[in-house]
Amino acid sequence: MTVAQSISTHFLNLADHMPKLPEGVEWLNPLGEIQESRDIFQIFLEKFYADFQPRHLIMGINPGRFGGGITNVAFTDPLHLEKELGIPSSFPKKSELSAHFVYQVINAYGGPKLFYDQFFVTSVCPFGFVKNGKNYNYYDEKPLQKAATPFIEYHLEALIERCNMDRKQCFCLGEGQNYTFLQQLNAQKGYFQKIVPLSHPRFIMQYKRKSVDIYVEKYLELLGAL
């Protein structure tokens, strides 16, 4: 199978492995809820991954309600999906902060084709969470992290073993809890030889916006050092 076919099969099978969540926490799974999201994801994969070459993983935390939680393309809201990737949808064309930064990096790298030839962007936990109507992270409470960990392990193992992802190094979006969790899990499981932390796009856009160009250059420096 091509990388596109392998990733598609993996993501469509993820629903069979979703654990029961702590009370008050709900799954955010666009592939299980919205046919258009499944169609969009398939178009994206066939456009950029219809080959057999390995990629390096870039992993965020888990999808949010206004980006990957709609499109299932990580860090890609409907606006950037259409504007940058040429994939139209019926979803409202709202811009999400993290997506705005990520596509600055992608364009500075050389554009979507060159970028996705080298990388597959996903999240440590491939589906998101909602609590009290707001985005929630897998590490925000211990019971949720405990419940999600086997699901996360299944996701990472499938990407490596069946989707042709490189094991020498991966990139972690987030230098705090996401990186700490991934480092600890990697120490136990030995998924990657090296995990490279990157400042999280939302942190940059919320707190370091005047220095965005500096962060873009830092990303290029680390992503280019393969």
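If you're wondering where the values come from, they're calculated on a predicted model, not measured in any experiment.

Here we come to the sheet that holds strand β6 (residues 169–173). One open sheet accounts for four strands, arranged β3-β2-β6-β7; its pairing is parallel. Where the open sheet ends on each side, the last strands, each with one partner, are β3 (119–123) and β7 (194–198). Neighbouring strand axes in the sheet, compared pairwise and without regard to direction, differ in orientation by 25° on average. In the sheet, β6 pairs with β7 via five bridges, with the strands oriented parallel. Across the sheet, residue Leu-173 finds its bridge partner in β7, namely Leu-198. The strands touched by helix α11 (residues 212–223) are β2 (56–60), β3, β6 and β7; relative to β7, the strand with the most contacts, the crossing angle is about 170°.

If you walk through the whole model with that rule in mind, you get 21 aromatic pairs. Both rings, one in Trp-27 and one in Phe-151, keep their centres 5.2 Å apart while their planes meet at 70°; by these two values the pair is edge-to-face. Linking Trp-27 in strand β1 (residues 25–28) with Phe-151 in helix α8 (residues 142–162), this pair joins segments that are 124 residues apart in sequence. Considered together, Trp-27 and Phe-151 belong to a single accessibility category, that of buried residues. Between the aromatic rings of Phe-127 and Phe-151, the centroid separation amounts to 6.1 Å while the plane-to-plane angle is 35°, which identifies the pairing as tilted. With a gap of 24 residues between them, Phe-127 in the loop between β3 and β4 (128–131) and Phe-151 in helix α8 connect regions that are remote in the sequence. Under the relative-accessibility criterion, Phe-151 is labelled buried at 1%.

Turning to the nonpolar core, a few remarks are in order. Counting residues in hydrophobic clusters, the biggest one holds 76 residues, and the most contacted among them are Phe-44, Tyr-116, Phe-129, Tyr-138 and Leu-223. The dominant element in this core, judged by the number of residues it contributes, is α8, at eight residues. Leu-223 has contacts with Ile-58, Val-105, Tyr-109, Phe-115, Phe-119, Phe-171 and Leu-198, leaving out every residue within four places of it along the chain.

So, on to the pattern of salt bridges. Applying the stated criterion across every chain, the model contains nine salt bridges. Asp-51 is paired through a salt bridge with Arg-55; the nearest N and O atoms lie 2.5 Å apart. Among the salt bridges present, the one from Lys-189 reaches Glu-153, with a minimum N-O distance of 4.0 Å. Of the two residues, Lys-189 sits in helix α9 (residues 177–189) while Glu-153 sits in helix α8, which places them 36 residues apart along the sequence. What you see here is one network of salt bridges that share partners, running through Asp-51, Arg-55, Lys-113 and Asp-117.

Calculation notes
- Just so you know, the residues in each chain are numbered from 1, in the order the chain's sequence is written.
- For this predicted model, a pLDDT threshold of at least 70 governs which residues receive local features, and a threshold of 80 or more governs which side-chain atom pairs are given and counted, while totals over whole chains, interfaces and linings are taken from all residues.
- Excluding hydrogens and water, the side-chain values take into account all heavy atoms of the structure.
- At least two DSSP bridges between two strands are needed for those strands to be called paired.
- Each helix corresponds to a stretch of at least 4 residues labelled H or I by DSSP, and each strand to a stretch of at least 2 residues labelled E; elements are numbered beginning at the N terminus.
- Each axis is a line fitted through C-alpha atoms, and for a helix only the stretch in contact is used; angles between axes span 0 to 180 degrees, taken between their N-to-C directions.
- Residue contacts follow a heavy-atom distance rule, with two residues in contact if any of their heavy atoms lie within 4.5 Å.
- Centres within 6.5 Å are what make two rings of Phe, Tyr or Trp a pair, Trp counting through its six-membered ring; a difference in plane orientation under 30 degrees is then read as stacked, over 60 as edge-to-face, and the rest as tilted.
- Relative accessible area decides the class of each residue, using a 1.4 Å probe on protein chains only: under 20% of the type maximum gives buried, over 50% gives exposed, and in between gives partly exposed.
- By convention a nonpolar core is built from buried Ala, Val, Leu, Ile, Met, Phe, Trp, Tyr and Cys residues, the set being connected through side-chain atoms within 4.5 Å.
- Here a salt bridge means any side-chain nitrogen of Lys or Arg lying within 4 Å of a carboxyl oxygen belonging to Asp or Glu.

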